[in-house]
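Coordinates in review
So you can see what is in the structure, the chains are spelled out below.
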Amino acid sequence: MSFDSVTEKIAHFIGTFDLTIEQARLRDQYEEFTALRRKFELEELEDPTIITIRAELSPEEGAYKPLPYKFFTPPSDPTPSTYSGAPFEETVINVGQPFVAGPLFSENLPIGSTEVKFNVVPVQPEIEAEQPIGSAVTYTFQSLVLSDNDTIGEGDFRDADELIAEAEEATQVATSLHAVSAPSYSIADYLSIDYVKALAQEMLSPSISNLEGVTVHQFHGADALGIIVNGEYVDEAPEWDELLPSFHKKEQVDEETSPDPFPAEWDRDDEDEFNDGHSVVTGGNLAINEVSATVAWIDAPYIAVGGQSVSLTMISQVAVVSDMDVGAPANKSGTNVVQTSHISVEENPAYWIDDSAENEGQPEWITIDWINGDLIVSNFVKQETDATDIDHIGTEISASTALYALGDNEMVNVSNIIQLGSYYDLVMVGGDMISIDILMQTLVLMDDDVVSGGMAGVEDGADENLLMNMASVNTTGRDVHEELNDDLSAAMDLTESDIDALHDALLNDPTFAGMEQLRVLNIEGNLLQVNVFEQVTVLADQDDVHLHGPNAHATEVVAGSNAMLNAANIVKSGVDSTVMAAEGEYSDLLLHQASLIDVPSHEEVEEIANEAIALIMDEMNVPGDETGIGPKGNDLTPGEMAETTDGLQTLLA
């Protein structure tokens, strides 16, 4: 039933009045709640809400008993045993415990006295069936691929696909410049003594390229020890941070001095990137491959080998550069190639053996870890960076401020390996003991730029690239080689079923006289320790920069300033060892540094600069200046002009 108009108005009024009263009441509650919350946030709330949780934590009487504990029965003579010379303050890994120690309180001491005496009771250790140290194998493959080929505007640009193909051919040339062929990543190959012998033969007669312009430095054996930079011995290796191009040093300073934790591009207050001026950045790339390995798996002051002992260390470094720039800023550019190697061996006597003590008495106890097979400690790392930053820009610079950032890429591969194991007093190897370290580093840079207009884009005027191969193999623990004596030779013929006879043979061997206990690792198969690191960094940064307009001459152009690093470091931590191999030993070191650098001299740059500028100005319909440089240039394109004087391009063709 519908209401008449008067009744409907009264009902509507009553409803509205009721809603208004409810809204006012809720607002009062909300304002009170808001005030209390704000007061609590300001720590001014006098009586904050407190939540109390009650829990009965006291156990019932008789339901809890203390853990059982009892003291050792004091012996008749509480004098501690004689110090044995073993290290008490160094952390070592033992199988079993040679001593059992317990606190002994004197009955004559008053209650509350803090004097405590310790009694060390020598007991025969119980040999528990623990898992012996096992193999450790790592495979790490890291790959970065960058394609940052930008095109702005129009012009007579070189074909990017052809430039990429040239970089691929240069990479093949760099691969052929290494001392030996590519290393194997198969453990089975290194377990084969025939393969190891073939590798040793390759190191004895490494390949030397007969290509024109290639510089090769090789060092064998002890000659490879020390710090060697670009084929010369030095006292101190150059630092990467100190050699960086100015473009990257400026970025480092900005990052260190900036207190803002957020990325710089988020800050638009200072407008540092857009100050007055004009900049074109087509280079300034950073590419880093870095690997570091610390290996301290097993070692011993005495190592007996039933087969051969072979140790091979090889560092092969190659750098290929083509930096044939054409244009106004070209005489300010260049490339700095640094290849550094550091191979060292330091003595480190076994700290738990007291050589000054008289060698009297044989060990009382012996523990043997038995491995029925091969023990392998290997690390295979391959890092590849393949980048193309081929930028083409043809534009008019007429604005009050201009910034073209087409390069400035950062690419980083990093790998860090740490392997820590155990020390023994004796390691027995039934087969061969093989140790191989191979570090192969390859750098390829194609930076043939064609630039018209602009000026050098670095404050000190050096738009220089940096290529650096840095490798080191540092060994702690020097090995000396002796003939395998008859006692150890006979002991190595014993099997695990003759464990008692093996114990007697080793405990009575005069080699271990003076030791209190003898910890032995017996490997029935081969002991293989391999580190293979391969690093390849390729960058194609062949830019075409054509600037014109009223502000073209004042535009900073960064076409170079690329920084490329391959860094590999191996630290092998051990102790001085006497190695006794039944079938003899063989070791060799090889350092190979090769470079093919195609960079024009200052005179060559000056000679071709005028022709290049005249040609580009002709193609862009720009009139010549007072010097007479104008449309009457030669008929070559910028790409053809670069190729005519580029020795590496001639070689690749």
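Throughout, a residue's number is its position along its own chain's written sequence, starting from 1. With the structure being a predicted model, the display of local features is reserved for residues of pLDDT at least 70 and the display and counting of side-chain atom pairs for 80 or more, all residues being used for whole-chain, interface and lining totals. Side-chain measures were taken over the full set of non-hydrogen atoms in the model, leaving aside hydrogen atoms and water.

**So, the overall build of the chain**
- Secondary structure summary: the chain contains 11 helices and 31 strands in total.
- By the convention used here, residues are in contact when the closest approach between their heavy atoms is within 4.5 Å. In the chain, 90% of the contacts between residues at least 6 apart in sequence involve partners at least 24 apart. By the criteria applied, helices consist of DSSP H or I runs no shorter than four residues and strands consist of E runs no shorter than two, each listed in order from the N terminus.

**Comments concerning the sheet that holds strand β10 (residues 302–305)**
- Each pair of strands is called paired provided DSSP finds at least two bridges between the two strands. Here 6 strands make up an open sheet; going across it, the order is β14-β25-β19-β10-β30-β24 and the pairing parallel. Each having just a single partner strand, β14 (365–371) and β24 (479–482) make up the two edges of the open sheet. On average, each strand axis in the sheet is tilted by 20° relative to the strand beside it, whichever way the strands run.
- With 7 bridges joining them, β14 and strand β25 (residues 517–523) adopt parallel strand pairing. Note on β25: the bridge partner recorded for I366 is L518.
- Structural elements are reduced to axes, namely lines fitted to C-alpha atoms, with helices fitted over the stretch in contact, and the angle between N-to-C directions of any two is expressed from 0 to 180 degrees. Sheet strands touched by helix α8 (residues 499–507): β14, β19 (426–429) and β25. Its angle to β14, the strand with the most contacts, is close to 125°.

**Here we look at the pattern of salt bridges**
- The salt bridge criterion pairs a side-chain nitrogen of Lys or Arg with a carboxyl oxygen of Asp or Glu, the two atoms within 4 Å. The final tally for this structure, using the stated rule, is 5 salt bridges.
- Here K382 makes a salt bridge to E384, at a shortest N to O gap of 3.8 Å.
- Note on classification: 1.4 Å probe, protein chains only; a residue is buried when its accessible area is under 20% of the maximum for its type, exposed when over 50%, partly exposed between these limits. Overall, E384 belongs to the partly exposed group, its relative accessible area being 33%.
- Here D425 makes a salt bridge to R519, at a shortest N to O gap of 3.2 Å. Placement of the pair is D425 in the loop between β18 (410–423) and β19 and R519 in strand β25, with a sequence separation of 94 residues.
- With relative accessibility at 2%, the residue D425 sits in the buried group.

**Re the nonpolar core**
- Joining through side-chain atoms within 4.5 Å is the link that ties buried Ala, Val, Leu, Ile, Met, Phe, Trp, Tyr and Cys residues into a set, and such a set is a nonpolar core. Y190, L312, I436 and I438 are the most contacted members of the largest nonpolar core, which totals 23 residues.
- Secondary structure elements with two or more residues in this core: α3 (187–191), α4 (193–204), β11 (309–322), β15 (375–388), β20 (433–446) and β26 (527–540).
- If sequence neighbours within four positions are ignored, L312 has contacts with V196, L199, A200, M203, S435, I436, D437, Y586 and D588.
- With 20 residues, the next largest nonpolar core counts A136, W297, V305 and V579 among its residues.

**Topic: a negative patch on the surface**
- Within the patch definition used here, like charges are joined within 9 Å and nonpolar side chains (Val, Leu, Ile, Met, Phe, Trp, Tyr) within 5 Å, considering only residues with over 30% relative accessible area and no salt bridge. Reported accessibility uses the Shrake-Rupley method at a 1.4 Å probe radius. Residues are deemed covered only where the shown protein chains occlude them. Residues counted as positive are Lys and Arg, residues counted as negative are Asp and Glu, and His and the chain ends are not counted. To locate a charge, take NZ of a lysine, CZ of an arginine, CG of an aspartate or CD of a glutamate. Where like charges cluster on the molecular surface, the negative patch consists of D235, E236, E239, D241 and E242.
- Position of E242 among the secondary structure elements: in helix α5 (residues 240–243).
- The exposure class assigned to E242 is exposed, which follows from its relative accessible area of 58%.

**Concerning α8**
- Buried within α8 are the following residues: L502, L506 and L507. Down the axis of α8, the buried side of the element spans an arc of 120°, and every buried residue falls inside it.
- In this fold, the buried residues of α8 make contact with β14, β19, α7 (486–492) and β25. The arc in question is the one traced by the directions running from the helix axis out to the C-beta atoms.

**Considering the packing of aromatic side chains**
- Pairing of aromatic side chains here covers Phe, Tyr and the six-membered ring of Trp, requires ring centres within 6.5 Å, and sorts the geometry by plane angle: under 30 degrees stacked, over 60 edge-to-face, intermediate tilted. For the coordinates displayed, the defined rule picks out 10 aromatic pairs.
- Consider the rings of Y139 and F141, whose centres lie 6.4 Å apart with planes at 15°: the pair is stacked.
- Overall, the relative accessible area of 39% leaves Y139 in the partly exposed class.
- Considering the side-chain rings of F219 and Y233, the 5.6 Å spacing of their centres and the 70° angle between planes classify their relative orientation as edge-to-face. Of this pair, F219 sits in strand β5 (residues 214–220) while Y233 is found in strand β7 (residues 232–233), placing the two residues 14 residues apart along the sequence.
- On the accessibility criterion, F219 (11% relative accessible area) is buried.
- Put simply, the rings of Y139, F141, Y185, Y190, Y195 and F380 pair up and form one aromatic cluster.

**Considering α4**
- Expected span of a helix, by definition, is 1.5 Å for each gap between consecutive residues, and there is one gap fewer than residues. Across its 12 residues, α4 extends 16 Å between first and last C-alpha, which sits within 8% of the 16 Å expected from 1.5 Å per residue.
- Those residues of α4 that sit buried are I193, V196, L199, A200 and M203. Across the axial projection of α4, the buried residues extend over an arc of 120°, all falling on one side.
- Where the residues of α4 are buried, they touch α3, β5, β11, β20 and β31 (585–598).

**Section: unusual backbone geometry**
- The backbone of N230 shows a phi angle near 50°, a positive value even though the residue is not glycine.
- Notably, D408 is not glycine yet its phi reads approximately 60°, a positive angle.

**Some thoughts on the sheet that holds strand β16 (residues 392–396)**
- The strand order β4-β16-β27-β21-β12 describes an open sheet built from 5 strands, whose pairing is parallel. This sheet does not close on itself; its edge strands, each paired only once, are β4 (151–153) and β12 (326–327).
- Looking at chain direction, β4 and β16 are connected through 3 bridges and run parallel. Bridge pairing in β16 places G153 opposite G394.

**Remarks on the confidence of the model for the chain**
- For every residue, the predictor reports its confidence as pLDDT, a number between 0 and 100. Per-chain confidence: the chain averages 78 in pLDDT, with 70% of residues scoring 70 or above.
- pLDDT under 50 marks residues 619–647. Its contacts with residues more than four places away, or in other chains, come to 46 contacts.

**Re a nonpolar patch on the surface**
- Among the surface-exposed residues, V6, I10, F13, I14, F17 and I21 lie close enough to one another that they form a single nonpolar patch of about 640 Å² accessible area.
- Looking at the secondary structure, you find I10 in helix α1 (residues 5–41).
- Note on I10: relative accessible area 48%, which makes it partly exposed.

**Considering the side chain of S322**
- Looking at where S322 falls in the secondary structure, it is placed in strand β11.
- Among the polar contacts made by the side chain of S322, one reaches the side chain of D448 at a distance of 2.9 Å. Pairs of N or O atoms are called polar contacts if they sit within 3.5 Å, as long as, within protein, a hydrogen donor faces a hydrogen acceptor (for residues adjacent in sequence, only side-chain-to-side-chain pairs).

**Some points on the environment of G334**
- With respect to the secondary-structure elements, G334 resides in strand β13 (residues 333–346).
- Look at G334 and you get buried, because its relative accessible area is 10%.
- Residues G334 and S561 lie 227 residues apart in sequence; the distance between their C-alpha atoms is 8.8 Å.
- Not counting the four nearest positions on each side in its chain, G334 is found in contact with D323, D463, E464 and N465.

**Digging into the side chain of S378**
- Mapped onto the secondary structure, S378 falls in strand β15.
- Overall, S378 belongs to the buried group, its relative accessible area being 0%.

**Considerations on the environment of N508**
- Here N508 is to be found in the loop between α8 and β25.
- In this structure, the C-alpha to C-alpha distance between N508 and G361, residues 147 residues apart in sequence, is 9.2 Å.
- Among the polar contacts listed, one links the side chain of N508 to the backbone oxygen of D504, at a separation of 2.8 Å.

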